[in-house]
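Residue-level listing of the chains:
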Amino acid sequence: MTRNLPTSGSLRNHLVLTLIGGAAILALLLFFAIRNYATQVAQQGQDNILGASVTSILDAASIRDGTIEVDIPYASFSMLSTQSDDRIFYAIYQDETFLSGYPKLSLATVSGQESIFQSVKHRGKTVRLVTASRTLIGIEKRTQIRVALAQTQDALSGTLAQISRNAALFGTGFFALAALLSIWASSTTVGQLKRLTNSVTRRGPQDLSPFEKPVPSEMLPLVTSLNSLMQRLDHSLGQSEDFIAEAAHRVRTPLATVRSYAEATLQRVDKEENRQALRSMVRAIDESSRAAGQLLDHAMITFRADHLEHQNLDLVALVNELVVRLMPIAEMKDLELRFHSDAQITYSGDPVLIQNAVRNLIDNALKYSPSEGTVNILVTAAPNVHVRVCDSGNGFPSEELNTLATRFKRGKNAEGTIGSGLGLTIAMDVARAHGGNLQLSNGTEGGACALLSL
Amino acid sequence: MKYLLIEDNQELADAISSRMRLDGHVIDHAAKLEDATAFVETGEYDLILLDIMLPDGDGRSFLKEHRASHLDTPVIILTARSQVLDRIDSLDLGADDYVTKPFDHAELEARCRAVLRRNAGKSQTVIVTGGVVFDPLAGHMAVHGQSLTLRNRELRLLELLINSPGQVFSKQKLSDRLFSYDDDVSENAIEVYIGRLRKHLENSDLKITTLRGLGYRLDHDT
Amino acid sequence: MRIAIALVLWVLPQVIFAQEWEDRQLFNDHASEQKLRIISSTDTSFFTPIIKSFISKYPNVAVEYLVTGTADIDRIFRATPDAFDVVISSAMDLQLKIVNDGLARPVSNVPLPSWAQWRQSLFAFTSEPAAIVINREAFAGHPIPDTRQKLIEALRARPEIFRGRIGTYDVRKSGLGYLFATQDARASETYWRLMEVMGALDIRLYCCSGDMINDLSDGTIAVAYNVLGSYATARVESKGAIEIILPSNFPTTMMRTAMVSIDAPHFEDASAFIRHLIALQSGSEKAAFPLPPLNSKLNDVERSTIALEPALMTFLDTLKRRRFLAEWEDAVIQKQQK
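Keep in mind that what you see is a predicted model, and the values were worked out from it rather than measured.

The next subject is the overall build of chain A. Within chain A, the regular secondary structure consists of 9 helices and 14 strands. Here chain A, with 454 residues, has 31% of them falling under the buried criterion. By sequence separation, contacts in chain A at least 24 residues apart represent 66% of the contacts at least 6 residues apart.

Helix and strand counts for chain B stand at 8 helices and 13 strands. Every one of the 222 residues in chain B was classed for burial, and the buried ones make up 40%. Considering only intrachain contacts with a sequence separation of at least 6, the fraction spanning at least 24 residues in chain B is 50%.

Glancing now at the sheet that holds strand β5 (residues 117-118) of chain C. Hydrogen bonding along the main chain pairs the strands of a sheet, whether they run parallel or antiparallel. All names here are of chain C. What the 7 strands build is an open sheet, ordered β1-β3-β2-β4-β13-β6-β5; its pairing is mixed. Whereas interior strands pair on both sides, the edge strands pair on one side only; in this sheet they are β1 (23-27) and β5. Relative to strand β6 (residues 122-124), β5 is paired through 2 bridges, and the arrangement is antiparallel. If you follow Gln117 over to β6, its bridge partner there is Phe123. Helix α2 (residues 44-57) rests against β1, β2 (35-40) and β3 (62-67) of the sheet, and its axis sits at about 165° to β3. Here helix α3 (residues 70-79) sits on the sheet and contacts β2 and β4 (86-89); the angle it forms with β4, its principal contact strand, is near 155°.

Turning next to the packing of helix α5 (residues 272-306) of chain A against helix α7 (residues 351-368) of chain A. Relative placement of two packed helices is described by the angle separating their axes and the distance separating the axes. All names here are of chain A. α7 packs onto α5 with a crossing angle of 145° between their chain directions and a minimal axis gap of 10 Å. The handedness of the crossing between α5 and α7 is left-handed. Mapping the contact onto sequence places Asp297, Ile301, Arg304 and Ala305 in α5 and Val352, Leu353 and Asn356 in α7. Taken together, the residues of the contact of α5 with α7 sort by class into 4 nonpolar, 1 polar and 2 charged.

Every contact between the two is made by 37 residues of chain A and, on the other side, 32 residues of chain B. Broken down by secondary-structure element, the contributors of at least two residues to the side of chain A that touches chain B are α4 (220-268), α5, α6 (315-332) and α7 of chain A. Of the residues forming the side of chain A that touches chain B, the biggest block, 16 residues, is contributed by α4(A). Along the lines of polarity and charge, the residues of the side of chain A that touches chain B split into 17 nonpolar, 7 polar and 13 charged.

What follows is about α7(A). Count 3.6 residues to each turn of an α-helix, and residues three or four apart come out pointing the same way. Given a rise of 1.5 Å per residue, 18 residues ought to cover 26 Å, and the 26 Å separating the end C-alpha atoms of α7(A) matches this to within 8%. Burial analysis of α7(A) places 13 of its 18 residues in the buried class, the great majority of the element.

Residues and elements named next belong to chain A. With antiparallel pairing, the 5 strands of this open sheet are ordered in space as β4-β3-β7-β6-β5. One side of each edge strand has no neighbouring strand; the edge strands of this open sheet are β4 (97-101) and β5 (116-122). Shown here is a sheet whose adjacent strand axes are inclined to one another by a mean of 25°, direction ignored. Sheet topology places β5 next to strand β6 (residues 125-137); 7 bridges connect them, and they run antiparallel. Within the sheet, the bridge partner assigned to Ile116 lies in β6 and is Thr131. Against the sheet, helix α1 (residues 11-59) engages β5, β6 and β7 (142-152), with an angle of about 35° to β6.

Moving on, we get to the interface of chain C and chain A. Accessible area lost on assembly of the parts is the figure often given for the size of an interface. Contacts between the two partners involve 15 residues from chain C, matched on the other side by 18 residues from chain A. Here the side of chain C that touches chain A takes 4 residues from helix α12 (residues 318-337) of chain C, the largest share from any one element. Among the residues making up the side of chain C that touches chain A, the classes are represented as 5 nonpolar, 4 polar and 6 charged.

With that settled, consider the nonpolar core. Residues Val147(A), Val86(C), Val133(C) and Ile274(C) are the most contacted members of the largest nonpolar core, which totals 122 residues. Sorting elements by how many residues they give to this core places strand β3 (residues 88-94) of chain A first, with 6 residues. If we skip the residues at most four places from it in the chain, Val86(C) touches Ile38(C), Ala258(C), Val260(C), Ala270(C), Phe273(C) and Ile274(C).

Residues Ala382(A) and Pro383(A) are joined by a peptide bond in cis, for which omega reads -5°. With respect to the helices and strands, the residue Pro383(A) is situated in the loop between β11 (374-380) and β12 (386-390). Following Lys101(B), the chain continues into Pro102(B) via a peptide bond in cis, with omega recorded as -10°. As for its position among the elements, Pro102(B) is in the loop between β7 (97-100) and α5 (105-118). A positive phi is found at Arg119(C), a non-glycine position, where the angle reads about 55°. Position of Arg119(C) among the secondary structure elements: in the loop between β5 and β6. At Gln120(C), a position not held by glycine, the phi torsion is positive, near 55°. Looking at the secondary structure, you find Gln120(C) in the loop between β5 and β6.

Now for the environment of Ala179(A). All names here are of chain A. Mapped onto the fold, Ala179 is located in helix α3 (residues 154-201). Assessed through the 16 C-beta atoms surrounding it within 10 Å, Ala179 is described here as partly exposed. Those residues within four positions of Ala179 in sequence are excluded, and the remaining contacts are Ile20 and Ala23.

For the rest of this paragraph, the subject is the confidence of the model for chain A. Residues and elements named next belong to chain A. With 93% of its residues at a pLDDT of 70 or more, chain A shows a mean pLDDT of 82. The spread of mean pLDDT over the elements of chain A runs between helix α8 (residues 401-409), the lowest at 56, and β3, the highest at 93. Across residues 408-420 the pLDDT falls below 50, and counting only partners more than four positions away or on other chains, this stretch makes 19 contacts in the model.

What follows covers α5(B). Compared with the 20 Å implied by 1.5 Å per residue over 14 residues, the 20 Å span of α5(B) between its first and last C-alpha is a close match. Every buried residue of α5(B) is listed here: His105(B), Ala106(B), Glu109(B), Ala110(B), Arg111(B), Cys112(B), Arg113(B), Ala114(B) and Leu116(B).

This prediction gives chain B a mean pLDDT of 82; 90% of its residues lie at or above 70. Looking across chain B, the model is least confident in helix α4 (residues 83-93) of chain B, with a mean pLDDT of 62, and most confident in strand β1 (residues 2-6) of chain B, with 91.

Residue and element names in this part refer to chain C. If you trace the backbone, Met254 turns up in strand β12 (residues 252-254). When the C-alpha atoms of Met254 and Ala124 are compared, they prove to be 9.3 Å apart, with 130 residues separating the residues in sequence. Sequence-distant contacts of Met254, that is, excluding residues within four places in its chain, are made with Ser90, Met92, Glu128, Ala130, Leu179 and Ile306.

Another point: the environment of Gly59(B). All names here are of chain B. Mapping Gly59 onto the fold places it in helix α3 (residues 59-68). Since 26 C-beta atoms lie within 10 Å of it, Gly59 is described here as buried. Remark: the alpha-carbon pair of Gly59 and Lys32, spanning 27 residues in sequence, is separated by 9.2 Å. Beyond its immediate chain neighbours, meaning those up to four positions away, Gly59 contacts Ile6, Leu50, Asp51, Ile52, Leu54 and Ile77.

What counts and how
- Residues numbered from 1 in each chain as written.
- Chains lettered and ligands numbered in written order.
- Predicted model: local features only at pLDDT ≥ 70, side-chain atom pairs only at ≥ 80, totals over all residues.
- Helix = DSSP H or I, 4+ residues; strand = E, 2+ residues; numbered from the N terminus.
- Buried ≥ 20, exposed ≤ 12 C-beta atoms within 10 Å, placed from the backbone.
- Contact = placed C-beta atoms within 7 Å.
- Pairing = 2+ DSSP bridges.
- Axes fitted to C-alpha atoms, helices over the stretch in contact; angles between N-to-C directions.
- Left-handed = near helix turned anticlockwise from the far one by under 90°.
- Nonpolar A, V, L, I, M, F, W, Y, C, P; charged D, E, K, R; others polar.
- Expected span 1.5 Å × (residues − 1).
- Core = buried A, V, L, I, M, F, W, Y, C linked by C-beta atoms within 7 Å.
- pLDDT = per-residue confidence, 0-100.

Given below as structure tokens:
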């Protein structure tokens, strides 16, 4: 039963991994979301300043004496100062004519009031470029002034790097917290399973009652199935026992009837050969009923031995009760049953099985003892717990001692007489189930001895 | 002794009844629990023989009710089920003993005797005849005040003869009563027990007469 | 004619290949074939102790120190950035624009606060206020003006004394002069009134601080406006004839700056020179060197130091410069000719 089942991984690990994986993805998403948002905000900030700057430059444009003048306010560039000393580039055009600034700076085509923001390459650097225009109306003509203003993004990158670092720190913190939480949550969840497992493990082999303790709702289906399985098991175990009992009944009742007929007939028949036939018939009936009984008993014992029920019992009282019960049989044959024992022997085992085993041994002894003989029964715990049953008969046939032993060692009873052999087999099986053994011997002054050690 | 037999199998019931009557007992037979309850309520019994599987219910429930109403009449259960389990059930429910079907009548008789002996004192069954005081339950007999204990087979032989004085019992009949079917005994074995009984009755007014070719008979020595 | 041709032939290469340097000196010449070339607007005398100090620390480096005007530096350097290692100038606006245009190479590990450097490329190493320098003789018996307003009043009070005896930079030629003028104009309208007064009194225009102070010392002129303090200080020590006035209402303070060329042939040596220079100028041992140190107490409100910021490029804008010079000429020259 302790065979290692193949596992499909650990539920706890699976939970932890899933939760931590989820936390990691969440942390990453958080990181990128924050960074993306921060980028937008920072870019917006830069754009705002660039826009204000370019507007102030345009505002300073005027036509004086037919000539365009652009009196760039000192503040226009001053406001572009950044922590990282970003470089600035600008160009002023009148219509398509370059007026001043950096002639290589590319302009976007603009019209109207709108400012156009672009990220472009200038002198190998990515710069944020704003282009805006203003139409001046002179005496004779309308002219368009276009101003392009660009700024490098060192400060922006610095800010972004800082924000990224903070976002990463925040994400990592979030992740660490989530990981801890997920480990805790998984342990708690798996703890519920462990508790259920423990309560299943702690149960005795006969305890098939349903689990009543409250469990989390997710585990309810499992526990319900388990309870249903146990109910079915209990039912089927009960059915097995019922079946064996029923089978015994079915076999024995007609036998009892036939036997009664035979016996009644025997009372009325005087002719010796008829009597002999009837006697044989009764004997055959007894033999087969006993065999059937023992076969069924054997089935029952095998069934019980498979899930042995340990129970503290007093072995002396148990055997004594049996002896008392068998006393009428012994008396009937004018046999003496002698019972010797320690005061009390506490033993843990299945009382039904032990009693059955001992009963079979005493039955055998009663059967093979000559009239007015003695059967000695000894129950003692020294040197080990055992029950010894000795009769005053002829003993086991010495050449069969070993055969008998090997025969029931195999647990088979394919040959020879049905009755006694199976009784010994039952005793042997019971002894084995309790970690003991059955030894057969012949006494020095005759008589057979069976030693059931437990 | 007055027995109540609760058994639904008519043939088996008849066989048990006739055998019990032979031993001088009075037998009432109930084929179902309903009848049995009626019998118990009206009459008083020394022993109840109870089958478990009955057409109108489980014998064990009858036993349970029986014990619950403080009737202490001893009960022997007749069961055809597995010995292993019924033993526990029956004895726990308050049965005094049980016999597994099919049973040897001698065994049933022995168990009845044992149970009755354990519950002795309730009814006196001592037989006094011809200077012999015979207590079949205790297995004692006394001849002119001299007491002795009989062995089981001696007891049963005497019980049979003393219950039917003057009746001739063939060797076979006596054999059938004394030995089990698996006891492989010759019919002459009965002579040993007849011999022993004669010895026990030596000083009494009872004697066992041998009728050659017919059997034995208990006579008052007048 | 021959002489004329010969003269042309002699002069031309000088113009094309050798430039017309105000001064040119070699230090530690024998140490190496490779010379660390420094182009500077600062007189050699101010820099000699610094260069010698540098050479004593780096004896394997030869230094060639070239002196020219700030506007020339801007023009020459922009044309051939690979010919120079270090650029030193007092024209902060021109210097800043060079850096903005990507012609300077950043130098790491220069211990300067952010206000004293730009893009880790342009490093300030002096703090020098623009001063009004006067000849004491001309003001004998009169109060010495300590603001621009009082100077205006003093000039108006005695025009006969000052006519033709006032000097200032010709902002069209001097980069530093232009810087001072634009910063003054930005700070206060008083500048324009002062220029108009000075223009009316036939102001003399100078290309460089040195000439102006010379004329002041020998009494040719009585007032020199916006003279570099450091140059004046050097004269004060030798002669008692002149007095340096730092206008108390809005003194304009300039920082001399240095940078390493983007194409510097000797970048490592140039970087070492910058670090050495900064260490000397911001250290406590300032007495040993003639240049004023970088004033660390710049949070003084009155001492408005010109900030190293992109706004310096404002007045370098073609249109803006054209407009400014036009106004300046209106104030200074037009009236002079009238």
